[in-house]
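Structural characterization, general
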Amino acid sequence: MKSRDTSVLSKQDARKVLFIGNINQALSGAVSISKDSFEVRSNMLDGIDAAAGGDYSVIYVVISTVPTKLKSALKVLRNVSVKSRIILLSQMYEESMAAELAAFSVDGLRIADDYLICPIKSEQLFAPAEANYTLAPQTSRAAVDVDYFYDARLMQLEKLATTDELTGLKNRRYIREFARQIILYAGKQKRRVTLLLFDIDNFKHYNDVYGHPTGDEILKQAAVLMQRSCRPHDIVGRVGGDEFAVVFWDDPKKLLNAQTDSERRFTMAEHPGEAIFIAKRFRSELSKAELNLLGDEGEGILTISGGLASFPRDGFTVQELFKRADEALLEAKRSGKNRIYLVGQEQSDIEDIG
Amino acid sequence: MEERCPCNHLRAIVIGSLTDSFVRNVMELLDNYEVESVLCEDIYWAVGRLNNSDLTEALLIGRYEHLSGQKGRFFEIASKAGYVCCCFSDSHWDFGQEQLSVLKSAGGFIVNKAEDIEKVILRLLASDKGRTSAKKTNGSSFNRDEFLTTKAELDALLGG
């Protein structure tokens, strides 16, 4: 183990924490924090004002606090608080933006050190501040072994907790939590969300006849094909043995930036129209996929059965959406497989989208 | 009329972009009157500057729509730091009752002609000349009653 380079460490006497944003939105459970070392500002202007006049070891910023000019605001925050660790707090559907911001640098200085996905627990807010030292920002993490390995382990654990190991897709836990959050968001923004549940027809047969390694390869290839068929911000996950889920949602930033009709079509989901289009495209791609591991019969034999349900048309909660989509999926299977059903207002309105 | 009077105390922060002719004109005006000024691209940068300055009198200038964000919270922060907000608006803008109230309470005002900015600067310089001490005073020392016209308009906008 390398010896610790003390030049990058500074003893932290006042472990003050500044929280910028709606704290109730970010934390799970009751908020019970001592006010001695913890300050809250509800908006970014006050946050910057406080940071400029204070000496905080950690500054948390809820991304949604700053509806516009977030990058500019973070640059200023970094400018006035060079020695603080700035941690972004984002909802799941903001994760890509949070990651992008955390990687952004100005003049060699990152505007944010890290990000966390909400909701988080109160005690997590103080975790970085409880160390006996403060890592100076922008310092090479390899110079301080403990922090480096801790962060690496933490990242690994987080990935394992949300990712399906076989396919690399999001797992059931992530999909359900993401769907819950995006439905809340969509409800406030008057947008729609569509859930697709599908599984591979006769998958058990492939496992039994060709073996589990072949079955695993089929799942992996189906995962890749589905991801390619979807829009970049849609969330694809594996929620069961051979069962997959896709959450189609409208990223408002992509909607704003769309210039042409094709871009608008790509970004704006006329729920569930766009989801139906993507599901059909996926079925088409799957039918053309050459699966050599299935021998001479490998081409064009894979089919799926699926069920689509939309918020708010078919349900108002994630539980309701999953239930309705699952009912449509079962109906598709009962009706002969190799089809995707869309839920209508009534059970009898289930429609075969082809 | 252009007075060239060196100023030891008056400072200004202009908020906006040099692509805006209004901003360019204001910066040129301040330069002509030898008022030390900085340009900030938005209110976040301006707030970052507020704590950096050791000022006796300071002016914040920018378009109303750029300064009035977050329900006018910027006006309050600026006022607390001893700044006077001079907002410019040359078009019909939904001023927002809440933001206007905050602006008024914070001692700021709106001008709707670019040439009025020069009058503001001149009046501030005149009040600055009358001061004997260079030390920072509590709050702004210039006489806001000189801006009765704009204040009256502001009151009219607020309906009070």
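Because the structure is predicted, anything quoted here is derived from the model rather than measured.

The next thing to look at is the side chain of Thr194(A). Position of Thr194(A) relative to the elements: it lies in strand E11 (residues 193–200). Engagement of the side chain of Thr194(A) in a polar contact is seen with the side chain of Ser310(A), the distance being 2.6 Å.

Time to look at the interface of chain B and chain A. Size of an interface: often given as the accessible area lost when the parts come together. Each partner contributes residues to the interface: chain B has 13 residues there, and chain A has 17 residues. It is Tyr44(B), Trp45(B) and Gln70(B) that lose the most area in chain B upon contact with chain A, and together they represent 46% of the buried surface on that side. Scanning the region where chain B abuts chain A turns up three salt bridges. The closest approach of N and O atoms between Lys80(B) and Asp49(A), which form a salt bridge, is 3.1 Å. Mapped by element, the contributors of at least two residues to the side of chain B that touches chain A are helix H2 (43–50) and helix H4 (69–80) of chain B.

Attention shifts here to the sheet that holds strand E4 (residues 58–62) of chain A. All names here are of chain A. Across the sheet, five strands lie side by side as E3-E2-E4-E5-E8; this open sheet has parallel pairing. A single partner strand is all that each edge strand has here, and the edge strands are strand E3 (38–41) and strand E8 (114–117). Each strand axis lies, on average, 20 degrees off the axis of its neighbour in the sheet, ignoring direction. With four bridges connecting them, strand E2 (residues 17–20) and E3 associate as parallel partners. Across the sheet, the residue bridging to Ile 20 is Arg 41, located in E3. Helix-sheet contacts for helix H2 (residues 44–53) involve E2, E3 and E4, and the interaxial angle to E2 is about 160 degrees. Against the sheet, helix H4 (residues 95–103) touches strand E5 (85–90) and E8, its axis set at about 165 degrees to E8.

A full pass over the atoms with the stated rule returns 20 salt bridges over all chains. Here Asp234(A) ties to Arg231(A) by a salt bridge, and the two come within 2.7 Å at their closest N and O atoms. Each of the two residues, Asp234(A) as well as Arg231(A), counts as buried. Through salt bridges that share partners, Asp46(A), Arg73(B) and Glu76(B) make up one connected network.

Of the consecutive residues Phe311(A) and Pro312(A), the connecting peptide bond is found in the cis state with omega at 0 degrees. Positive phi, close to 55 degrees, is recorded for Glu34(B), a residue that is not glycine. Tracing the sequence through the fold places Glu34(B) in the loop between helix H1 (21–32) and strand E2 (36–40). By relative accessible area, Glu34(B) is classed as partly exposed at 41%. Residues other than glycine seldom take positive phi values, yet Lys71(B) does so here, at roughly 55 degrees. By the secondary structure assignment, Lys71(B) is in helix H4.

With that out of the way, let us pick up the state of the cysteines. All names here are of chain B. Scanning the model with the defined rule gives zero disulfides over all chains in all. This cysteine, Cys 86, is not joined by any disulfide, and Cys 87 carries the nearest cysteine sulfur, 6.9 Å off. Free cysteine: Cys 87, not disulfide-bonded; nearest cysteine sulfur from Cys 85 at 5.7 Å. A residue is classified by how much of its surface remains accessible, and Cys 87, at 0% relative accessible area, is buried.

Here we come to the environment of Ser68(B). Residues and elements named next belong to chain B. One can find Ser 68 in the loop between helix H3 (64–67) and H4. For Ser 68, a relative accessible area of 6% gives the class buried. A sequence separation of 28 residues divides Ser 68 from Gly 96, and the C-alpha atoms of the two residues are 8.9 Å apart. Filtering out sequence-adjacent residues up to four positions away, Ser 68 remains in contact with Phe 75 and Gln 99. At 2.8 Å, the side chain of Ser 68 and the backbone oxygen of Tyr 64 are in polar contact.

What counts and what doesn't
Residues numbered from 1 in each chain as written. Chains lettered and ligands numbered in written order. Predicted model: local features only at pLDDT ≥ 70, side-chain atom pairs only at ≥ 80, totals over all residues. Heavy atoms only, no water. Helix = DSSP H or I, 4+ residues; strand = E, 2+ residues; numbered from the N terminus. Polar contact = N/O pair within 3.5 Å; in protein donor to acceptor, adjacent residues only side chain to side chain. Contact = heavy atoms within 4.5 Å. Buried area = accessible area lost by both parts, 1.4 Å probe. Salt bridge = Lys/Arg side-chain N within 4 Å of Asp/Glu carboxyl O. Pairing = 2+ DSSP bridges. Axes fitted to C-alpha atoms, helices over the stretch in contact; angles between N-to-C directions. Buried < 20%, exposed > 50% of the residue type's maximum accessible area, 1.4 Å probe, protein only. Disulfide = S-S within 2.5 Å.

Remember that the coordinates give geometry; whether it matters functionally is a separate question.
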